[in-house]
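# Structural overview for review
For reference, the chains in residue letters:
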Amino acid sequence: MSVQPHPIAAVTERAMPVSGPVASGAPSHIVVTGVDKVFAVPGGEVVALKDIDLTINRGEFVCLLGPSGCGKSTLLNAIAGFSHPTRGGITVEGRAVAEPGPDRGMVFQEYALFPWMTVAQNIAFGLEIKGMARAAIEKRVAELLDMLKLAEFRDRFPKDLSGGMRQRVAIARVLALDSPVMLMDEPFGALDALTRRSLQDELLRIWAATGKTIVFVTHSIEESIYLADRIVVLTYRPGTIKRDLRVELPRPRDSASAAFNALKRDLSALVTAEQHRFEQVEMKGLTTD
Amino acid sequence: MQTSRLRALAEGLAVPLGILAIWQIACSAGLVNPMVLPSPAAVAVRWWAYLAPLEAYDPAQGSWFAWLFSGEMLHDALASLYRVVVGFVVGAGLALPLGLFMGSSDVIYRHVNPLMQVLRPIPPIAYIPLSILWFGLGNAPAVFLIAIGAFFPVLMNTIAGVRHVDGIYIRAARSLGASRMTIFRRVILPAATPYILSGARIGIGTAFIVVIVAEMIAVNNGLGFRILEAREYFWSDKIIAGMLTIGALGLLIDMAVSRLNSHLLRWHRGLES
């Protein structure tokens, strides 16, 4: 937990450089160009994404923020390669995304750990697929177990772990492959506030240490401010980019500081407007059905 | 703790013991024909005689161990168990791959499922005439019938297991770089095991029902044969002793399968007992 004692600490430290990995190579890492995604639904179609243009730089921590149904997970799934855009294209590292792959590790809200594998086996799975030698796998798994404070749980099955522990395993499983991009779909959405904060700090630590590009979907305004270099606010149906703003607060960020709360107010106004539209559309859907 | 368990035991035993007492009194008082309903004591004596070796121990005849297992009941039980195991292995061994194919390929499912749905409701016992026509007498028709009994529960559950694999596991595996074959082997197969094993448990239960019927028709040993043979001699005490043995063996098989399942599914939620 990083609670700063002084309320204006965040403001006074603003002059300090933003902590985080230094970008290397070509700056643009993930490029989304003119992406539309249209889903067919009974009696018509839903435009989940419309004209999305987004360039994410190497080593950047980007949060996709918006109410339910705004297409933020749809966009993440398109970058992951789970679903193809109806129009437009996505490149990662200059290559067009065609299908999911180990260069874009995915962390799911539901953890998606394999319940029949122990913690260590879950983490080793991607490495075995890669064809890594047994001894090297053992070594890498041991490192990750240490890094995520999971060493004493290595032979447990997921059912015996708490939600926070499971998500640590899921993160370790993705880190094992050392993919340059980590995609996270509301990974801490199901966790209690304290566990959530400790995992957020853990994630920032890992990000600072590894320099990964992280695309993180959330509907929590506070979470996005606490974590991101950059927050991309999406609108509700059709999903378009409403605001793309940079968070300049130094890390560790103090959620009680004035600057944090000023930003939170601004973002709340943006997101709440979309939430109202979401509620109106859903209500109309209910009455016409 | 100890007293509550004793209490539970006492409560569980009260009704059976009461029935046994009334049964014994009715028999001792001469209210029922012993040919129709032998007394519990007579059944117990007969059960012991059925279990015990037929002849006194003679070192010249063989080892002490062999003598211990020379009783008629153990031979019958082993013969029945053998048929159950062979029949089950044949039936489940055919159902498992077919179920995996049908579960993972819509094309195969659409081609094969109608036939399976037509055949499935035919009770294995209805195959008896055909099985004798095809296989004559002996173990072959019995194994055939038992295999049919085990086949459908395993098939249906395997299909359901493969089809109900949570898509998120497949997505996770794909994003970790798994090929289709790896996903099948390391994700779909283990994810389907709870279904497959519960199908196997139902299948082995069915196999045990069918073995008793098959032994009444086609062979001359085994627990099913023995109780039918006892009827021909009006040994009603032996019929009941044989039935009790069948029950005990069935319970034993189910307990063993259940223990094996709990071990194989120790990762599975909601399988604590």
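The structure presented is a predicted model; accordingly, all values stated were derived computationally and were not measured.

## Overview of the overall build of chain A
Each helix and strand in chain A was counted, giving 8 helices and 10 strands. Long-range pairs, those at least 24 residues apart, make up 71% of the contacts in chain A between residues at least 6 apart in sequence. For chain A, the computed accessible surface area is about 12500 Å², with 56% contributed by carbon and sulfur atoms.

## Re the sheet that holds strand E1 (residues 28-41) of chain A
Residue and element names in this part refer to chain A. Spatially, the 4 strands line up as an open sheet ordered E2-E1-E4-E5, and their pairing is antiparallel. Looking at which strands have only one partner, the edges of the open sheet turn out to be strand E2 (44-57) and strand E5 (95-96). Sheet analysis places E1 next to E2, joined by 10 bridges and oriented antiparallel. Within E2, the position partnered with lysine 37 by the bridge is leucine 49.

## Overview of the interface of chain B and chain A
Facing the 20 residues of chain B at the interface are 25 residues of chain A. Taking both sides of the interface into account, the surface hidden between chain B and chain A amounts to around 2200 Å²; carbon and sulfur atoms contribute 68%. Contact with chain A buries area across many residues of chain B, yet Leu176, Arg186 and Trp267 of chain B alone supply 33% of it, more than any other trio. The interface formed by chain B and chain A includes 1 salt bridge. One salt bridge in this structure joins glutamate 128 of chain A and arginine 186 of chain B, with 2.5 Å as the shortest N-O distance. Summed over the shared surface of chain B and chain A, the result is 4 residue pairs in polar contact (both at pLDDT 80 or more). Those elements that place two or more of their residues in the side of chain B that touches chain A are helix H8 (167-175) and helix H9 (180-217) of chain B.

## Notes on the pairing of strand E6 (residues 104-107) of chain A
Residues and elements named next belong to chain A. Burial along E6 is two-sided: the face carrying Arg104 and Met106 and the face carrying Gly105 and Val107 are both buried. As paired elements, E6 and strand E7 (residues 181-185) share 4 bridges and run parallel to each other. Paired with glycine 105 across the bridge in E7 is methionine 182.

## Quick word on the confidence of the model for chain A
Residues of chain A with pLDDT of at least 70 account for 89%, and the chain-wide mean is 88. Every residue in residues 1-24 of chain A scores below 50 in pLDDT, and together they form 32 contacts with partners more than four places removed in sequence or on other chains.

## What to know about the UniProt feature "domain: ABC transmembrane type-1" (unreviewed entry) in chain B
Cross-referencing UniProt, the feature "domain: ABC transmembrane type-1" (unreviewed entry) maps to residues 77-261 of chain B in the present numbering. In residues 77-261 of chain B, helix accounts for 85% and strand for 0%; the two terminal C-alpha atoms are 23 Å from one another.

## Considering the UniProt feature "transmembrane region" (unreviewed entry) in chain B
All names here are of chain B. Within this structure's numbering, the places UniProt gives as "transmembrane region" (unreviewed entry) are residues 12-32, 81-103, 115-136, 142-162, 195-219 and 239-257. Counted over residues 81-103, helix gives 100% and strand 0%. Its end C-alpha atoms are 31 Å apart. Helix and strand shares over residues 195-219 are 92% and 0% respectively, and the end C-alpha atoms of the span are 34 Å apart.

## Brief notes about the pattern of salt bridges
Here the structure, examined in full by the defined rule, presents 34 salt bridges over all chains. In this structure, arginine 104 of chain A engages aspartate 103 of chain A in a salt bridge whose closest nitrogen and oxygen atoms are separated by 3.2 Å. Overall, aspartate 103 of chain A belongs to the partly exposed group, its relative accessible area being 22%. Between aspartate 229 of chain A and arginine 251 of chain A there is a salt bridge; the shortest N-O distance is 3.1 Å. Highlighted residues: aspartate 229 of chain A in the loop between helix H7 (221-227) and strand E9 (230-234) and arginine 251 of chain A in the loop between strand E10 (241-246) and helix H8 (258-288), separated in sequence by 22 residues. Exposure class is identical for aspartate 229 of chain A and arginine 251 of chain A. Each is buried. Residues joined by salt bridges that share partners form a network here, namely Glu72, Asp76, Arg226, Glu229 and Lys238 of chain B.

## Section: the packing of H9 of chain B against helix H11 (residues 236-264) of chain B
Residues and elements named next belong to chain B. Where H9 meets H11, the closest approach of the two axes is 10 Å, and the angle between their N-to-C directions is 165 degrees. Taken together, the axes of H9 and H11 are roughly antiparallel relative to one another. Read as a crossing pair, H9 and H11 show a hand that is right-handed. Between H9 and H11, the contacting residues are Leu197, Ser198, Arg201, Ile204, Phe208 and Ile212 on the first element and Ile246, Leu249, Gly250, Ile253, Asp254, Val257, Ser258, Asn261 and Leu264 on the second. Looking at the contact of H9 with H11 residue by residue, the classes come out as 9 nonpolar, 4 polar and 2 charged.

## Some remarks on the UniProt feature "domain: ABC transporter" (unreviewed entry) in chain A
Mapped onto this numbering, the UniProt entry annotates "domain: ABC transporter" (unreviewed entry) at residues 30-261 of chain A. The span residues 30-261 of chain A is 34% helical and 28% strand by assignment, and the distance between its end C-alpha atoms comes to 30 Å.

## Remarks on the sheet that holds E7 of chain A
Backbone-to-backbone hydrogen bonds pair the strands of a sheet. The strands run either parallel or antiparallel. Residues and elements named next belong to chain A. Strand order across the open sheet formed by 6 strands is E6-E7-E8-E3-E9-E10, with mixed pairing between neighbours. Since the sheet does not close on itself, it has two edges, and those belong to E6 and E10, each with one partner. Ignoring strand direction, the axes of neighbouring strands in this sheet form an average angle of 15 degrees. Where strand E3 (residues 61-65) and strand E8 (residues 213-218) come together, 5 bridges link them in parallel fashion. Note that in E8 the partner of leucine 65 across the bridge is threonine 218.

## With respect to a nonpolar patch on the surface
There is a patch of nonpolar side chains on the surface, built from Leu31, Val32, Met35, Val36, Leu37 and Phe234 of chain B and spanning about 610 Å² of accessible area. Mapping phenylalanine 234 of chain B onto the fold places it in the loop between helix H10 (223-232) and H11.

What counts, and where the lines are drawn
Residues numbered from 1 in each chain as written. Chains lettered and ligands numbered in written order. Predicted model: local features only at pLDDT ≥ 70, side-chain atom pairs only at ≥ 80, totals over all residues. Heavy atoms only, no water. Helix = DSSP H or I, 4+ residues; strand = E, 2+ residues; numbered from the N terminus. Contact = heavy atoms within 4.5 Å. Areas by Shrake-Rupley, 256 points an atom, 1.4 Å probe, with all protein chains shown as cover. Pairing = 2+ DSSP bridges. Buried area = accessible area lost by both parts, 1.4 Å probe. Salt bridge = Lys/Arg side-chain N within 4 Å of Asp/Glu carboxyl O. Polar contact = N/O pair within 3.5 Å; in protein donor to acceptor, adjacent residues only side chain to side chain. Buried < 20%, exposed > 50% of the residue type's maximum accessible area, 1.4 Å probe, protein only. pLDDT = per-residue confidence, 0-100. UniProt positions renumbered as here; feature names shortened; annotations may be inferred. Axes fitted to C-alpha atoms, helices over the stretch in contact; angles between N-to-C directions. Parallel < 35°, antiparallel > 145°, perpendicular 65-115°, else oblique. Left-handed = near helix turned anticlockwise from the far one by under 90°. Nonpolar A, V, L, I, M, F, W, Y, C, P; charged D, E, K, R; others polar. Patch = residues over 30% accessible without salt bridge, like charges linked within 9 Å, V, L, I, M, F, W, Y side chains within 5 Å.

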